[in-house]
Amino acid sequence: MSTPLKSLIDTGTKLYLDSVEPAEVDKNLAYGAVGATSNPAIISSIIAGGGRDSQIESMLAEGKTDEEIAWTLTDQLVSEAEAKFAAIHQETKGNAGWVSFELDPLLEDPSLNLKEDDVVQKYIELGKKWAAGHTNRMIKVPATPAGLRALEPLAAAGVTLNVTLIFTDEQYRIAREAIWRGVNGKVDPSEFKSVYSIFISRIDVYTDKHLSLSDEAQGQVGLVNAKRIWKENREFWAEKGLPLEQELIFASTGTKDPSDPPWKYVAALAGSDIQTNPPETNAAVAESDLTFTRTVEDMPPEAVLNEIDSVVDTQKMHAFLMEEGVDKFVKPQRALLKLIADKRSELSPTA
């Protein structure tokens, strides 16, 4: 195991991989990763490599649509990753070893003008469908208005949830309360697991472009936000006495500012919960000579916190990042479907 990544894991961080690409999963298992996540962009990159062409040809021969092919391959790739993490899931009695499966992003496509009530029902239907028969699959639901409304019934049905696209403490709180209402008295406490994906670097990109902050405060907003939510999450669940940890996923941990070291967020959040890092971030850490220490409780000086609180309009930031986030949520799914359509032309020229 890589010494830098082992030191990170030794602080208490659970290392997850932001990919289900088979070779990357194998590499990161060797690093000490205990879980993974998927999304349409990841699936597209795997399919684009050509390794699934024979399966696509078979499905084309069966008359499957582009959408059916895309979801069949997504299900297959996530299932393959689940099998590789199954032993960890069993050893930890469900506390780790999870692989996340993202529900259809097109439900949030504003161009489709879908009614919110219909989207809620579709999230519930798809969440149950894609969770069925899987012991270590988490269902990713976005913290949009419709996604948040779907959480309680999904949790009550025993679906293990990863609430994604969270930028604010309000989103987190609504998600947490909905899931707790759903499981309380309906789900075996020994089997209850939930995670909440807090996006970090996107917040710092936003503040850099839109807010005037001092050098000390700029680039710290995403971390401060995540650490505050982490503290609240720990305190809330500590009172419940549950056997499994209800955790934050520190997401969007790849740095966007080229002047930042690739492990900026990794180092600043070491010590607890889950870090879902891109393959290149984990590789950069593995190739470094770093030794990590627990930093997840560490906060900037009070003056910096006061500056952040006085300058950042959370509601305005939330509105901007959610609009941008939904766009980044939808476009990769459109791109995946286009890739399948292109494969159709390539592999079945007479179709």
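Look a little higher up for the structure.
Residues numbered from 1 in each chain as written. Predicted model: local features only at pLDDT ≥ 70, side-chain atom pairs only at ≥ 80, totals over all residues. Heavy atoms only, no water.

Engineer: So what exactly am I meant to see when it comes to the overall build of the protein chain here?
Structural biologist: Along the backbone of the protein chain there are 14 helices and eight strands. By the compact-globule yardstick of 20 Å for 351 residues, the protein chain fits well, its C-alpha radius of gyration being 20 Å. Once the C-alpha set of the protein chain is aligned to its principal axes, its extents read approximately 65 × 45 × 45 Å. Going through the 351 residues of the protein chain one by one, you find that 56% of them count as buried. For the protein chain, restricting intrachain contacts to residue pairs at least 6 apart in sequence, the fraction spanning at least 24 positions comes to 74%. A total accessible area of about 15100 Å² is found for the protein chain, and carbon and sulfur atoms account for 51% of it. (Helix = DSSP H or I, 4+ residues; strand = E, 2+ residues; numbered from the N terminus. Rg over C-alpha atoms; globule rule 2.2 N^0.38 Å. Buried < 20%, exposed > 50% of the residue type's maximum accessible area, 1.4 Å probe, protein only. Contact = heavy atoms within 4.5 Å. Areas by Shrake-Rupley, 256 points an atom, 1.4 Å probe, with all protein chains shown as cover.)

Engineer: Honestly, the packing of aromatic side chains in this entry has me stumped. Any pointers?
Structural biologist: Each aromatic ring pair is summarised here by two numbers: the centre-to-centre distance and the angle between the ring planes. Using the criterion set out here, one finds ten aromatic pairs in the structure. Lying over the aromatic face of Phe236, Arg176 brings its terminal NZ or CZ to 3.8 Å of the ring centre. For Lys240, the ring lying beneath its charged end belongs to Phe236, and the centroid distance is 4.4 Å. (Phe/Tyr/Trp six-rings, centres within 6.5 Å; stacked < 30°, edge-to-face > 60°. Lys NZ or Arg CZ within 6 Å of the ring centre and 35° of its normal.)

Engineer: When you look at helix H12 (residues 279-286) in this model, what are you seeing that I'm missing?
Structural biologist: Burial analysis of H12 places seven of its eight residues in the buried class, the great majority of the element. Among the residues of H12, those classed as buried are Pro279, Thr281, Asn282, Ala283, Ala284, Val285 and Ala286.

Engineer: What should I look at first to understand the nonpolar core in this one?
Structural biologist: It is characteristic of soluble globular proteins that their nonpolar side chains tend to be buried jointly. If you look at the biggest cluster of nonpolar residues, it comprises 103 residues, and the most contacted ones within it are Val20, Ile139, Leu151, Leu161, Ile179 and Tyr196. In terms of residues, this core owes the most to one element, helix H14 (residues 314-347), which gives eleven residues. With residues up to four places along the chain from it excluded, the contact list for Leu161 reads Met138, Ile139, Val141, Leu151, Leu154, Ala155, Ile179, Lys193, Ser194 and Val195. Among the nonpolar cores identified, the runner-up in size contains eleven residues, and Val266, Ala283, Val285 and Phe292 belong to it. (Core = buried A, V, L, I, M, F, W, Y, C linked by side-chain atoms within 4.5 Å.)

Engineer: I keep staring at the pairing of strand S8 (residues 274-277) and nothing clicks. Help me out?
Structural biologist: Within a regular strand, side chains alternate between the sheet's two faces. Residue alternation in S8 divides its side chains into two sets, Ile274 and Thr276 and Gln275 and Asn277, and both sets are buried. As paired strands, strand S7 (residues 247-251) and S8 are joined by two bridges and run parallel to one another. What sits directly across from Ile249, in S8, is Ile274. (Pairing = 2+ DSSP bridges.)

Engineer: Teacher, can you tell me more about the pattern of salt bridges here?
Structural biologist: It is possible for side chains of opposite charge to pair when their charged atoms get near one another. In this structure the tally under the stated criterion is 28 salt bridges. Ionic pairing is found between Glu245 and Lys14, a salt bridge with its closest N-O pair at 2.5 Å. Taken together, the positions of Glu245 in the loop between helix H10 (221-238) and S7 and Lys14 in strand S1 (residues 14-17) put the pair 231 residues apart, joining distant regions of the chain. Here Arg149 and Glu116 are joined by a salt bridge, their closest N and O atoms 2.9 Å apart. Highlighted residues: Arg149 in helix H7 (residues 145-156) and Glu116 in helix H6 (residues 116-131), separated in sequence by 33 residues. Taking relative accessible area as the criterion, Arg149 reaches 40% and is therefore assigned partly exposed. (Salt bridge = Lys/Arg side-chain N within 4 Å of Asp/Glu carboxyl O.)

Engineer: Would you take a moment to explain helix H8 (residues 169-183) for this structure?
Structural biologist: Side chains three or four residues apart in an α-helix point the same way, a direct result of the helix having 3.6 residues per turn. Between the first and last C-alpha of H8 there are 21 Å, a value that for 15 residues agrees with the 21 Å anticipated at 1.5 Å per step. If you check which residues of H8 are buried, you get Gln171, Tyr172, Ala175, Arg176, Ala178, Ile179, Trp180, Gly182 and Val183. On its buried face, H8 sits against H7, strand S5 (161-166), strand S6 (194-199), H10, S7 and H14. Downstream of H8 by one or two residues, Gly185 has phi in the positive range, about 85 degrees. (Expected span 1.5 Å × (residues − 1).)

Engineer: I'm lost on the environment of Ala81 in this one. Help?
Structural biologist: In this fold, Ala81 is placed in helix H5 (residues 66-91). As a C-alpha pair, Ala81 and Asn136 span 55 residues in sequence and 9.9 Å in three-dimensional space. In this structure Ala81 touches Val20, Val25 and Val99, once residues within four positions along its chain are discounted.

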